[in-house]
Amino acid sequence: MIALTRMRLHGFVRTGRAVAPLIAALAVLSILYGGGQAETVEAYGVSALVAFPVLAWQTKILLDVEPDVQRRLARVTLGSAAREIAAGLLAAATAGLGTIAVALAVPWVFGGVKGDASGVKGDAVSILIGLAVHLLALGPAVALGALSSRAVTRTAGMGAAVLVTGSVLAIVLGLQGSPAPWLVPPLMAATRLTTSGGTTRTALTLIAHATLWTAAAAFAYARLRRNRA
Amino acid sequence: MHLDDVWLRYRRGGPWVLQGVTARVDPGGIVVVLGRNGAGKSTLLQLIAGVLRPTRGRVNDRPAVVGWVPERFPADQPHSVTGYLRAMAAMRGLGSAAATRAVDEWVHRLGLGGFRDVKLPELSKGTAQKVGLAQAMLAPPDLLILDEPWEGLDAATRDLVPEIVLEVAARGGSVLVSDHRGETVRLPGAATWTVADGTLTTAAPETGQRCVVEVAVDAADLAGAVARLREQGHHVLRVREEVGS
């Protein structure tokens with residue numbers, strides 16, 4: 001499974017398909033941090049929210065690089081549909097970690113955030129909170145991107161529709177007063193937590209919500225892929 | 001390995017591509033899958049390989065190591081020939097040394113030595129097809145599935161295909177080969193499965209093993225020679241002009 005993960009990451013990078021989502025991420029981050037310095041944790045909260053569609057799109061691109069017949073060959077070679085599916089998700093999550101590293105580093109490189117008044121220790125805590133909130137977005141983004149991949153949706157139009165609809169719903173149904181916030185990953189709630197503050201219990205609830213949503217969406221992806229090699 | 005009442009359609013409510021297919025391949029068995037274009041040969045082979053899941057029924061006792069050579073090798077990938085084969089060997093669970101040995105063996109055997117560092121998209125169709133054959137053989141397969149393996153191959157490699165098939169069978173592996181070009185006359189003693197209208201008809205190997213002998217005759221005596229061979233009960237498969245004479 002690790003060999004297939006490596007092969008898919010290699011294909012993603014060597015074909016140059018990794019460039020488009022990276023440029024998109026940098027464009028979004030430059031807009032986000034272009035207006036002046038922000039509080040670090042608040043900025044990371046918004047950054048995680050805007051990174052969500054980029055990470056989902058990146059996942060779709062990564063999974064779509066491999067020709068359909070090669071994907072089937074990988075399934076036969078591994079002798080397991082589950083491992084072939086898991087290798088794709090693992091490759092997408094690994095690529096996502098790279099994008100998250102960029103998202104965490106960019107504001108420091110370009111002076112987009114204010115350093116913590118308490119010094120390096122405070123900055124380290126802010127970065128860890130930023131990492132956590134980005135990781136909260138990564139699982140759902142990988143699952144959504146996988147659900148929009150060609151192996152599931154068959155056509156480019158349907159793939160784009162799933163990706164855009166999922167991203168828009170994640171924001172709209174995550175707004176305060178939403179009738180069904182549990183239907184989407186808790187991205188908006190996580191952003192509110194970083195801007196307005198909250199308890200540890202609230203943070204743990206969001207982590208549980210994001211984990212359950214990721215598991216449900218990944219399960220749906222795996223079920224669909226069983227008959228869609 | 002056996003198929004028990006296997007049905008397949010690609011979407012709910014769609015037409016059945018395969019209906020009630022029941023068949024068995026024993027270890028060491030060779031099966032030639034015949035049928036017109038679009039009859040469902042490739043679908044059947046992908047079911048057996050584990051690429052597709054039956055809509056109904058089951059494929060039982062599929063061996064652990066399956067080698068599948070698809071009809072068209074997916075050459076649109078950014079890997080070099082050896083890079084690709086090494087990655088596929090790693091996927092098979094071969095360690096670095098074993099992978100190197102397996103890749104070297106099949107690169108040499110299939111005449112890919114001059115293409116080691118060539119990127120897959122730059123290969124000709126036939127050379128890419130050889131890479132497809134090599135990846136299926138990196139770990140000795142217990143079940144080898146060849147979908148139109150002769151397509152685009154040069155004469156030397158076309159001769160090598162039956163050799164590989166017989167080697168796998170001699171090791172106790174099962175082999176399924178689809179063919180629409182009549183090349184499977186190179187596999188005497190194989191059972192035949194014919195796919196037509198979604199159903200499968202199986203026929204056991206002919207009891208008397210037949211071989212193909214290429215005979216050069218004087219052009220002036222061609223008609224007489226063919227007639228004499230037929231009189232003697234031989235099956236004349238084709239007549240061609242001798243190349244390079």
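Counting restarts for each chain, with residues numbered from 1 along the sequence as it is written. Following the order in which they are written, the chains are lettered starting with A and the ligands numbered starting with 1. Local features in this predicted model are restricted to residues whose pLDDT is 70 or higher, and side-chain atom pairs enter the listing and the counts only when it is 80 or higher, whereas totals over whole chains, interfaces and linings include all residues. To obtain the side-chain values, all non-hydrogen atoms of the structure were used and water was disregarded.

As for the overall build of chain A
Here is step 1: The number of helices and strands found in chain A is 10 helices and 2 strands.
Here is step 2: Starting at the N terminus and ending at the C terminus, chain A contains elements arranged as α-α-β-α-α-α-β-α-α-α-α-α.
Here is step 3: Its C-alpha atoms give chain A a radius of gyration of 18 Å, within 12% of the compact-globule value 17 Å for 229 residues.
Here is step 4: Along the first, second and third principal axes, the C-alpha set of chain A runs to 55 × 40 × 30 Å.
Here is step 5: Counting over 229 residues, chain A shows a buried share of 46%.
Here is step 6: The positive charge centre, built from 19 side chains, and the negative charge centre, built from 8, are 14 Å apart in chain A. In this text, helices come from DSSP runs of H or I with a minimum length of four residues, and strands from runs of E with a minimum of two, each type numbered from the N-terminal end. In this treatment the radius of gyration is a C-alpha quantity, and the globule benchmark scales as 2.2 Å times the residue count to the 0.38 power. Summary of the burial criterion: residues with accessible area below 20% of their type's maximum are buried, those above 50% are exposed, and those between are partly exposed, where the area comes from a 1.4 Å probe applied to protein chains only. Two residue types count as positive, namely Lys and Arg, and two as negative, namely Asp and Glu; His and chain ends fall outside the count. Where a charge lies is defined by one atom per residue type: Lys uses NZ, Arg uses CZ, Asp uses CG and Glu uses CD.

Remarks on the layout of surface pockets
Left-over empty space is what a probe sized like a water molecule reveals as it rolls over the atoms.
Residues and elements named next belong to chain A.
Here is step 1: Space inside the second largest pocket adds up to approximately 640 Å³.
Here is step 2: Ranked by the residues each element gives to the lining of the second largest pocket, the list is headed by helix H10 (residues 200–226), at 3 residues.
Here is step 3: Side-chain classes follow a simple rule in which Ala, Val, Leu, Ile, Met, Phe, Trp, Tyr, Cys and Pro form the nonpolar group, Asp, Glu, Lys and Arg form the charged group, and the remainder, Gly included, forms the polar group. When the residues that make up the lining of the second largest pocket are grouped by side-chain class, the tally is 6 nonpolar, 3 polar and 9 charged. Each cavity reported here is a set of points on a 1 Å grid over the protein atoms alone in which a 1.4 Å probe fits but cannot get out, each pocket an open set with protein on both sides within 12 Å along at least five of seven lines, and each lining residue one with an atom within 4 Å of a point. Grid points are joined across faces, edges and corners, and a volume is the space filled by probe spheres set on the points.

Topic: the side chain of Ser-174 of chain B
Here is step 1: The residue Ser-174 of chain B is located in strand E7 (residues 174–178) in this model.
Here is step 2: Those residues in contact with Ser-174 of chain B, other than ones at most four positions away along the chain, are Val-25, Asp-26, Pro-27, Gly-28, Gly-29, Asp-142, Leu-143, Leu-144 and Val-168 of chain B. By definition, residues are in contact when any of their heavy atoms lie within 4.5 Å.

Thoughts on the environment of Gly-14 of chain B
All names here are of chain B.
Here is step 1: With respect to the helices and strands, the residue Gly-14 is situated in the loop between strand E1 (2–8) and strand E2 (18–24).
Here is step 2: For Gly-14, a relative accessible area of 9% translates into the label buried.
Here is step 3: In this structure the C-alpha to C-alpha distance between Gly-14 and Leu-138, which are 124 residues apart in sequence, comes to 37 Å.

Topic: the interface of chain A and chain B
Here is step 1: Tallying the contact residues gives 20 residues for chain A and 22 residues for chain B.
Here is step 2: Summed over both partners, the accessible surface that disappears when two parts come together, traced with a 1.4 Å probe, is what is meant by buried area. Of the roughly 1,900 Å² buried where chain A meets chain B, counting both sides, 68% is carbon and sulfur surface.
Here is step 3: Any carboxyl oxygen of Asp or Glu within 4 Å of a side-chain nitrogen of Lys or Arg constitutes a salt bridge here. For the interface between chain A and chain B, the tally reads 0 salt bridges.
Here is step 4: N or O atoms within 3.5 Å of each other form a polar contact, as long as, within protein, one can give a hydrogen and the other can take it, and as long as residues adjacent in sequence are counted only when both atoms are side-chain atoms. One can count 4 residue pairs in polar contact (both at pLDDT 80 or more) joining chain A with chain B.
Here is step 5: Only helix H1 (2–14) and helix H4 (68–78) of chain A provide two or more residues apiece to the side of chain A that touches chain B.
Here is step 6: Ranked by residues supplied to the side of chain A that touches chain B, first place goes to H4 of chain A with 9 residues.

Some thoughts on H10 of chain A
Residues and elements named next belong to chain A.
Here is step 1: For H10, built from 27 residues, the straight-helix expectation of 39 Å at 1.5 Å per residue is met to within 8% by its first-to-last C-alpha distance of 39 Å.
Here is step 2: Considered for burial, the residues of H10 that qualify are Leu-206, Ala-210, Trp-213, Thr-214, Ala-217, Tyr-221 and Arg-225.
Here is step 3: Contacts from the buried residues of H10 go to helix H3 (40–65), H4, helix H5 (81–109), helix H6 (120–147), helix H7 (150–153) and helix H9 (187–196). Helix span is expected to be 1.5 Å times the residue number reduced by one.

A closer look at the packing of aromatic side chains
Residue and element names in this part refer to chain B.
Here is step 1: Note on ring pairs: Phe, Tyr and Trp rings are taken, using the six-membered ring of Trp, and paired if centres are within 6.5 Å. Classes follow the plane angle, with under 30 degrees stacked, over 60 edge-to-face and the rest tilted. Enumeration according to the criterion identifies 2 aromatic pairs over all chains in this entry.
Here is step 2: An angle of 80° between the planes, with centres 5.2 Å apart, marks the rings of Trp-7 and Trp-16 as edge-to-face.
Here is step 3: In this scheme, the term charge over a ring applies when either NZ of a lysine or CZ of an arginine sits within 6 Å of the ring centre and within 35 degrees of the ring normal. Here Arg-56 stacks its cationic end above the ring of Trp-7, 5.0 Å away from the centre of that ring.

A word on unusual backbone geometry
Here is step 1: In the Ramachandran plot, Arg-154 of chain A falls in the positive-phi region, its phi being about 70° despite a non-glycine side chain.
Here is step 2: Mapped onto the elements, Arg-154 of chain A comes out in the loop between H7 and helix H8 (156–172).
Here is step 3: Although it is not a glycine, Asp-5 of chain B sits at a positive phi angle of roughly 45°.
Here is step 4: Along the chain, the position of Asp-5 of chain B falls in strand E1.

Here's the deal with the nonpolar core
Here is step 1: One finds Leu-3, Leu-44, Leu-176 and Trp-193 of chain B to be the most contacted residues of the largest nonpolar core, which totals 79 residues.
Here is step 2: Looking at which element gives the most residues to this core, the answer is helix H2 (residues 81–91) of chain B, with 7 residues.
Here is step 3: Core analysis: the second largest hydrophobic core is formed by 30 residues, Ala-43, Ala-48, Leu-163 and Leu-187 of chain A among them. As used here, the term nonpolar core means buried Ala, Val, Leu, Ile, Met, Phe, Trp, Tyr and Cys residues forming a set that is joined through side-chain atoms within 4.5 Å.

Quick word on the domain arrangement of chain B
Here is step 1: Just so you know, the domain bounds were taken from an automatic or database domain assignment. Split into domains, chain B comes out as domain 1 (2–210) and domain 2 (213–245).
Here is step 2: Relative to domain 2 of chain B, the C-alpha centre of domain 1 of chain B lies at a distance of 32 Å.

A few points about the pattern of salt bridges
Here is step 1: If you walk through the whole model with that rule in mind, you get 16 salt bridges over all chains.
Here is step 2: Overlapping salt bridges, with partners in common, bring together Arg-8, Glu-66, Arg-75, Glu-84 and Arg-225 of chain A in one network.

Re the sheet that holds strand E4 (residues 56–60) of chain B
Residues and elements named next belong to chain B.
Here is step 1: Read across the sheet, 3 strands follow the order E2-E1-E4 without closing on themselves; strand pairing throughout is antiparallel. Looking along the sheet, the strands with just one partner apiece sit at the ends: E2 and E4. Averaged over all pairs of adjacent strands, the angle between strand axes in this sheet comes to 20°, irrespective of strand direction.
Here is step 2: Taken together, the 4 bridges between E1 and E2 define a ladder with antiparallel strand orientation. Across the sheet, Val-6 pairs through a bridge with Val-21, a residue of E2.
Here is step 3: Angles run from 0 to 180 degrees between N-to-C directions of axes, and those axes are lines fitted to C-alpha atoms, restricted for helices to the stretch in contact. Packed onto the sheet, helix H1 (residues 41–49) meets E1, E2 and E4 and runs at close to 125° relative to E1. Pairing between strands requires that DSSP locate at least two bridges from one strand to the other.

A few points about the environment of Ala-204 of chain B
All names here are of chain B.
Here is step 1: Relative to the assigned elements, Ala-204 resides in the loop between strand E9 (199–203) and helix H6 (222–231).
Here is step 2: Looking at Ala-204, the relative accessible area reads 64%, which means it is exposed.
Here is step 3: Along the chain, Ala-204 and Glu-122 lie 82 residues apart, while their C-alpha atoms are 42 Å from each other.

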